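As a plain string of letters, each chain reads:
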Amino acid sequence: MGAVAELSESQLHDSAAQSYLKALAQNQSALLVAPTWAEIEAVTEKVRAALKTSGRLAGEEKEFQVFDSLSWTEAQKRDARQYRPGMMLHFHRKMVGLANDESLEVVGVANDALQLRRRDGSETSLKLGAVSAPFDVGESRTLKVAVGDKLLLQANWRKKFVNGELLEVKAIQGDSVMLADGRVIPESYRTFTHGYAVTSHAAQGKTVDEVLVVASSRSLSAINQQQFYVSISRGRDACRVFTDDVEMLRSHVTRSSARLAAVEVVPLVHSRKFIQTILQRGHRFLKQFRQRLGLQQTILPDNRSPQMKTPRYEHQRTSTHRIGV
């Protein structure tokens, strides 16, 4: 398969999921990256179905009620018109009558105030003011988790969990999730989701052997040069792109999200060839950056040598970055 695969919409997510499983079977670390959560959920469903069939996900699934942040601004959180019953508020700092890490459901909105319900059924009210709101607004949804699942943490918690961590489930005991690294996700922490596919933003800082970028025509509006480059540069050995419209993907990859972007003339070449060039340029940039880091270490005296750490994911491998296979 080449670096860019153009497939029908019905084949797109299946093909990406099978490539992910193939990488795991070859003892490689892999990560799926997609521009939207709708795309992520679609490919995650295919991955988990294949993992169940292969026996990599063991035992019965347990349902957890997790918190999905809506990423509201401070202005939105102060505006009572934005709220509706059923939304959730998760507090990251205590207030009078409200505890840190407490989650409450919105049951009513009136006169710039929210009526909130706790898990035990008791209710309280919260006046929306001009001060910074010490809570995050989101929605509750059901997430099925099984032993062997990959989870993506989506919030910091008491210096024990860091937003963006990718972890594996070792066991499930009651309402707690035992992780492969020995940590335990308690009942009070419910800000996580499946970790097979992530957005380019969540992928920043992660390095894997093979990155698989999924970009169907339905989610191409979320793609630009910067987002695409972040996505393709996550793989140290290989990168593959899956789409159902190469020409449309090409047009979005040439668009910059920067306010003051330089106008670039796009060569009139075949779409796959153009995207291949983008991938190769990304590789050259990474290579030059690594060379500059090596040179910096060489010229510093021994007693000033920095502690350089190359990010790794799951296990170490020698870099042999290639575009496609």
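Note: the structure precedes this text.
What counts as what
- Residues numbered from 1 in each chain as written.
- Predicted model: local features only at pLDDT ≥ 70, side-chain atom pairs only at ≥ 80, totals over all residues.
- Heavy atoms only, no water.
- Helix = DSSP H or I, 4+ residues; strand = E, 2+ residues; numbered from the N terminus.
- Buried < 20%, exposed > 50% of the residue type's maximum accessible area, 1.4 Å probe, protein only.
- Contact = heavy atoms within 4.5 Å.
- Areas by Shrake-Rupley, 256 points an atom, 1.4 Å probe, with all protein chains shown as cover.
- Expected span 1.5 Å × (residues − 1).
- Arc of directions from axis to C-beta.
- Polar contact = N/O pair within 3.5 Å; in protein donor to acceptor, adjacent residues only side chain to side chain.
- Pairing = 2+ DSSP bridges.
- Axes fitted to C-alpha atoms, helices over the stretch in contact; angles between N-to-C directions.
- Salt bridge = Lys/Arg side-chain N within 4 Å of Asp/Glu carboxyl O.

Draft legend 1. Fine view of the overall build of the protein chain. Within the protein chain one finds seven helices and 17 strands. Expressed as a percentage of its 325 residues, the buried residues of the protein chain come to 43%. For the protein chain, the proportion of contacts with a sequence separation of at least 24, taken over those separated by at least 6, is 70%. For the protein chain, the exposed surface amounts to about 17,500 Å²; the carbon and sulfur share of it is 50%.

Draft legend 2. Fine view of helix α2 (residues 37-54). For α2, with 18 residues, the first-to-last C-alpha span of 25 Å sits near the 26 Å given by 1.5 Å per residue. For α2, the complete set of buried residues consists of Glu39, Ile40, Val43, Thr44, Val47, Arg48, Ala50 and Leu51. Buried residues of α2, viewed axially, fall in a sector of 160°; they line one side. Along α2, exposed side chains directed more than 90 degrees from the buried face belong to Ala38, Glu45 and Thr53. Phi turns positive one or two residues past the end of α2, at Gly55, with a value near 90°.

Draft legend 3. How the structure looks around the side chain of Thr193. Mapped onto the secondary structure, Thr193 falls in strand β13 (residues 192-194). Within the structure, the side chain of Thr193 is placed 2.7 Å from the side chain of Arg141, a separation counted as a polar contact. With residues near it in sequence (within four places) discarded, Thr193 still touches Trp37, Arg141, Leu143, Lys150, Leu151, Leu152 and Gln154.

Draft legend 4. Quick peek at the sheet that holds strand β6 (residues 113-117). Taking strand neighbours across the sheet as the criterion, the six strands line up as β3-β8-β4-β5-β6-β7 in an open arrangement whose pairing is antiparallel. In this open sheet, the two strands that pair with only one neighbour each are β3 (58-69) and β7 (123-127). Pairs of neighbouring strands in the sheet enclose a mean axial angle of 40°, with direction left out of account. Where strand β5 (residues 103-110) meets β6, five bridges bridge the pair, whose relative direction is antiparallel. Residue pairing for β6: Ala110 is matched across the bridge by Ala113.

Draft legend 5. Spatial organisation of the pattern of salt bridges. Summed over all chains, the structure comprises 20 salt bridges. Its salt-bridge partner being Lys62, residue Asp175 comes within 3.7 Å of it at the nearest N-O pair. Of this pair, Asp175 sits in the loop between β10 (166-173) and β11 (176-179) while Lys62 sits in strand β3, and the two are 113 residues apart along the sequence. Residue Asp175 is classed as partly exposed on the basis of its relative accessible area of 37%. Look at Lys62 and you get partly exposed, because its relative accessible area is 27%. In this structure, the salt-bridge partner of Arg81 is Asp79, at a minimum N-O distance of 3.0 Å.

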